[in-house]
Amino acid sequence: MTAAHTSAHTGGHTGGHGVEDLLRLHAPQVLGALVRRYGHFDAAEDAVQEALLAAAAQWPDGGVPANPRGWLIRVASRRLADALRSEAARARREETAFRLQPREVRAAPADDDTLTLLFLCCDPALPPAARIALTLRAVGGLTTAEIARAFLVPEATVAQRISRAKAKLRAAGADRPFRPPRPQDRDARLASVLHVLYLIFNEGYTATSGPALHRADLAREAIRLTRAARRLLPREGAVTGLLALMLLTEARSAARSGPEGELIPLDEQDRTRWDRAAIAEGTALVEEALAEGPPGPYQLQAAIAALHDEAPDHGSTDWPQILALYDVLVTRTPDPMAELGRVVALAMVDGPEAGLAALAALEPRFPDSHRLPAVRAHLLERTGARRAAADAYRAAARATLSLPERRYLQTRAARLDP
């Protein structure tokens, strides 16, 4: 149970959204503080849940304390010490609990505790699906049911992923106080953190399956967590670049769907509906990220997104510059989606025939995806090969699990039928 669960377990007695929002904000920070000091991820999570319940019951009537995070840390620390002591059969745990009881957890800056949890949950040894689920549960404050709904998988599957991830962390020593990664391990762990945040955002911006094209809550959560990472690591170009990429991409979300939820492609979007404040912030972050050192994949993707967002209309897009950025990007990342993006840019610069020729070499990298046949269909349509384009659109429609994308691809095919 997280802060999101608290109101349900107290009969809704939270005094409105103020207390509930406050608990959701502080829950991952409190958990991070306990894990940093004591370890024992599972026991710490249970102790935080009990502290959240106590706060939800007491604060609406008694008032929110001056330092709500400190209050929650103190209560959760006592509950954790009690839980450790209760395992009387294990003398070592008893001794540990006795030793820890009188001491208070040092309240590190909230961002420190958030990053502690991010680094812990995004252990590269965990499978990506487990890292995502654990991050959303522990750091994002989402319930198991909310995560299951977001990724359209059974709740039991998410619970199992989280359970296995915790077991693996315990086996790796997560019952001890958390230590930041050693300098030689830090880059790999940070790369894992950023990759998980990137995957969460992508699933929110374009859902891989289901009836919705866009899951705003998931995209916003990824942006919130990335902001938290950047506050603690303001000089990390990759973190800054990833935040810029998210902001510049999410800025277009309002124009991507029609009244019935139908997909609207980039070249047909009403750009007056794009979020200009987000674009301005993202563009400034891109410039900052590029000045912080050699650009990595996130900085380069953000620079490409900025060029799209700065164009007043599709025809004004600086495709040669975008192609040049993709040329650099594909040399620095094995991501097949970067290769596919380069093909689209190449076709815009040198014509659809050049794009189709380059696309043929990518076939083995997209065995089951709808994305390659969708790009092929678009390029074939531009060459005037209507029947072949319609067949490719239908093949792409059969391969996608996203209902809005499927309807869009089927509609494009129907327009091209004789």
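Above this note sits the structure.
We now turn to the structure provided with this report. On a predicted model such as this, the values are computed, not experimentally measured, just so you know.

1. A word on the environment of leucine 359
- Counting through the fold element by element, leucine 359 comes out in helix 17 (residues 352-360).
- For the pair leucine 359 and leucine 372, spaced 13 residues apart in sequence, the C-alpha to C-alpha distance is 7.8 Å.
- Non-local contacts of leucine 359, meaning those with residues more than four positions away in its chain, are made with Leu340, Val343, Leu372, Val375 and Arg376.

2. Some words on the pattern of salt bridges
- Summed over the entire model, instances satisfying the criterion amount to 17 salt bridges.
- One salt bridge connects glutamate 203 with arginine 215, and the closest N-O pair in it is separated by 2.8 Å. Of this pair, glutamate 203 sits in helix 10 (residues 183-205) while arginine 215 sits in the loop between strand 1 (209-210) and helix 11 (216-232), and the two are twelve residues apart along the sequence. Each member of the pair, glutamate 203 as well as arginine 215, is classed as buried.
- Linking aspartate 327 and arginine 342 is a salt bridge whose minimum nitrogen-to-oxygen distance equals 2.6 Å.

3. So, the environment of arginine 256
- Checked against the element boundaries, arginine 256 lands in the loop between helix 12 (237-250) and helix 13 (276-291).
- If we skip the residues at most four places from it in the chain, arginine 256 touches Tyr205, Thr206, Leu213, His214, Glu262, Leu263, Ile264 and Gln269.
- From its side chain, arginine 256 meets the backbone oxygen of tyrosine 205 in a polar contact 2.6 Å long.

4. Remarks on the side chain of glutamate 221
- Within the fold, glutamate 221 resides in helix 11.
- Classification of glutamate 221 by relative accessible area gives buried; the value is 11%.
- A distance of 2.6 Å separates a polar atom in the side chain of glutamate 221 from a polar atom in the side chain of arginine 224.

Calculation rules
Residues numbered from 1 in each chain as written. Predicted model: local features only at pLDDT ≥ 70, side-chain atom pairs only at ≥ 80, totals over all residues. Heavy atoms only, no water. Helix = DSSP H or I, 4+ residues; strand = E, 2+ residues; numbered from the N terminus. Contact = heavy atoms within 4.5 Å. Salt bridge = Lys/Arg side-chain N within 4 Å of Asp/Glu carboxyl O. Buried < 20%, exposed > 50% of the residue type's maximum accessible area, 1.4 Å probe, protein only. Polar contact = N/O pair within 3.5 Å; in protein donor to acceptor, adjacent residues only side chain to side chain.

Remember that the coordinates give geometry; whether it matters functionally is a separate question.
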